[in-house]
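Each chain, written out:
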Amino acid sequence: MSSSSDLDLVPAIATRREEALTGLSKMVSKGLGWARKYSLFQYPFVTACCGMEFMAVAAARYDLDRFGAALPRFSPRQADLLMVVGTINVKQAPILKRVYDSMADPKWVVAFGVCASSGGFYDNYATMQGIDRIIPVDVYIPGCPPRPEQVLDGIMLLQQKIQDQQHKLIDRERPALPAKG
Amino acid sequence: MSKAALQRLQERFPGAVTQVYEGRGGDDVALVRKEAILEVCRFLKEDPELRFDMAPYITCVDYHGSEPRFDLVYQMYSTVKNHRIRLRVGVPEGDAVVASVTPLWKGANWYERYCWDMYGIRFEGHPDPRRLYMYEEFVGHPLRKDYSLRGRQPLMPERHVDEPFRGPGPSGN
């Protein structure tokens, strides 16, 4: 992969504030990106048969550990990568949204398999047509189920994306609080 | 497998068992009137020669357009005598209420909840008459033939996705 600009679908609009970033903070951002992309703590949200393929890719033969994404966390609060592995139906959508909301920033989402990406062939009364209808997705991995090589490629794409994001040592942006009614 | 059971049923309930036949694969089937299903089932379970102590499957078929519209199918099995029987009960759409057999077989509980969830057959005397699969907010019964194929009823607001290949949105038909 030569350049990363084709990964970010949203074109970067350079504001004066961003132009005023000093070389030091750019270096910090690069360093933080490097650190973050090689220590992806994932929360596998496994709902369907893609889970078997996830186990295959996490186990010794394909070994996600080589990419620094080996440790599945058992709480979304400790994770920064949400892997949605399998079909999400309408009944489960609020649960997935809640899991996503309880993850701490910075966080990324991978739609693992065609059901999580678009609903797959389940175009029926019960199935959500892709998890991007409720949460933002960073990388889509197609396949039913995807080959482990596809998953590794997806992880590498995500690492590239993380590296190219802007990271701050201290993020002073206040999190958006839900409006109280 | 159990011609004797069919014969006993017919002798015992001449008015309730309207027809018996041997289905495909040698399964013995009895058509039972809706009002008598609980008595017939109790007889099948408690008769010492039949002893159908297990109801391995209860499901429903929607024959949309014909009358009666629904067909409840009870599969019975006797673990003692090793024989089976199948009961079919016609249920009209206007009066889709059937006596529950959960008091006889505890295993019928979730099957009857399934039939209520997917087909809208109400079971009188059921201890826990909730839906089985769908959520309580769901309106309608999705396996009925006249339920829209993509009648999704989202539980939460969905982001707009501008994607021509995924078909219509959440509640499209």
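Residues numbered from 1 in each chain as written. Chains lettered and ligands numbered in written order. Predicted model: local features only at pLDDT ≥ 70, side-chain atom pairs only at ≥ 80, totals over all residues.

1. Observations concerning the sheet that holds strand β2 (residues 81-85) of chain A
Within a sheet, each strand pairs with its neighbour through backbone hydrogen bonds, oriented either parallel or antiparallel. Residue and element names in this part refer to chain A. Here we have 4 strands laid out as an open sheet, ordered β1-β2-β3-β4, and parallel in their pairing. Every other strand in the sheet has two partners, leaving β1 (42-46) and β4 (139-141) as the edge strands with one partner each. Taking the axes of each pair of neighbouring strands and ignoring which way they run, one obtains an average angle of 15° across the sheet. Across 3 bridges, the pairing between strand β3 (residues 108-112) and β4 is parallel. In the sheet register, Phe-112 faces β4, and the bridge partner there is Ile-141. (Pairing = 2+ DSSP bridges. Helix = DSSP H or I, 4+ residues; strand = E, 2+ residues; numbered from the N terminus. Axes fitted to C-alpha atoms, helices over the stretch in contact; angles between N-to-C directions.)

2. Some words on the pairing of β3 of chain A
Consecutive residues of a regular strand have side chains that alternate between opposite faces of the sheet. Residues and elements named next belong to chain A. Taken across its 5 residues, β3 has 5 buried, putting it largely inside the fold. Bridge count for β2 against β3 is 5 bridges, and the pairing is parallel. Considered in β3, the bridge of Val-85 is made with Phe-112. With helix α4 (residues 93-101) bridging β2 and its parallel neighbour β3, the resulting β-α-β unit is right-handed. (Buried ≥ 20, exposed ≤ 12 C-beta atoms within 10 Å, placed from the backbone. Right-handed = clockwise from strand over helix to strand, strands pointing away.)

3. Considering unusual backbone geometry
Glycine aside, the phi torsion of most residues is negative, and most peptide linkages are trans. Residue and element names in this part refer to chain A. In this chain, Asp-105 is followed by Pro-106 through a cis amide linkage whose omega measures -5°. Inspection of the secondary structure assignment puts Pro-106 in the loop between α4 and β3. The step from Cys-144 to Pro-145 runs through a cis peptide bond, and the omega angle for that step is -10°. Summarising the element assignment, Pro-145 is placed in the loop between β4 and α6 (148-164). In the Ramachandran plot, Asp-63 falls in the positive-phi region, its phi being about 60° despite a non-glycine side chain. Along the chain, Asp-63 falls in the loop between α3 (50-58) and β2.

4. Digging into the interface of chain A and chain B
Counting from both sides, the interface comprises 15 residues of chain A and, opposite them, 17 residues of chain B. It is α4 of chain A that contributes the most residues to the side of chain A that touches chain B, 3 residues altogether. Residue classes in the side of chain A that touches chain B are distributed as 5 nonpolar, 5 polar and 5 charged. (Contact = placed C-beta atoms within 7 Å. Nonpolar A, V, L, I, M, F, W, Y, C, P; charged D, E, K, R; others polar.)

5. Considerations on the packing of helix α2 (residues 23-37) of chain A against α6 of chain A
Residue and element names in this part refer to chain A. Between α2 and α6, whose axes approach to 8 Å, the crossing angle comes to 155°. Here α6 runs roughly antiparallel to α2, going by the angle between their axes. Classified by chirality, the crossing of α6 by α2 is right-handed. Residue-level contacts link Gly-33, Trp-34, Arg-36 and Lys-37 of α2 to Gln-159, Ile-162 and Gln-163 of α6. Within the contact of α2 with α6, the residues separate by chemical class into 2 nonpolar, 3 polar and 2 charged. (Parallel < 35°, antiparallel > 145°, perpendicular 65-115°, else oblique. Left-handed = near helix turned anticlockwise from the far one by under 90°.)

6. Here we look at the sheet that holds strand β5 (residues 83-91) of chain B
Residues and elements named next belong to chain B. Reading across the sheet, the 5 strands line up as β1-β2-β5-β4-β3 and stay open at both edges, with mixed pairing between neighbours. Of all strands in the sheet, those bounded by a partner on one side alone are β1 (17-22) and β3 (54-62). Across the sheet, the mean angle separating the axes of adjacent strands is 20° when strand polarity is ignored. Taken together, the 7 bridges between β3 and strand β4 (residues 70-78) define a ladder with antiparallel strand orientation. Bridge assignment links Cys-60 to a residue of β4, and that residue is Leu-72.

7. With respect to the environment of Arg-36 of chain A
If you trace the backbone, Arg-36 of chain A turns up in helix α2. It is 20 Å that separates the C-alpha atoms of Arg-36 of chain A and Tyr-140 of chain A, two residues lying 104 residues apart in sequence.

8. As for the environment of Ala-36 of chain B
All names here are of chain B. Relative to the assigned elements, Ala-36 resides in the loop between β2 (28-32) and α2 (37-46). Note on Ala-36: 17 C-beta atoms within 10 Å, which makes it partly exposed. Placed 53 residues apart in sequence, Ala-36 and Val-89 show a C-alpha to C-alpha distance of 9.6 Å.

9. Observations concerning the nonpolar core
Side chains that are nonpolar tend, in soluble globular proteins, to be buried together. In this structure, Leu-82, Met-83, Val-84, Val-110, Ala-111 and Phe-112 of chain A are the most contacted members of the largest nonpolar core, which totals 38 residues. Elements with a contribution of two residues or more to this core: β1, α3, β2, α4, β3, α5 (114-118), β4 and α6 of chain A. If sequence neighbours within four positions are ignored, Phe-112 of chain A has contacts with Cys-50, Phe-54, Met-83, Val-84, Val-85, Ile-141, Pro-146 and Val-151 of chain A. Ala-30, Ile-85, Tyr-119 and Ile-121 of chain B belong to the second-largest nonpolar core, a separate cluster that totals 32 residues. (Core = buried A, V, L, I, M, F, W, Y, C linked by C-beta atoms within 7 Å.)

Nothing here speaks to function; it is geometry throughout.
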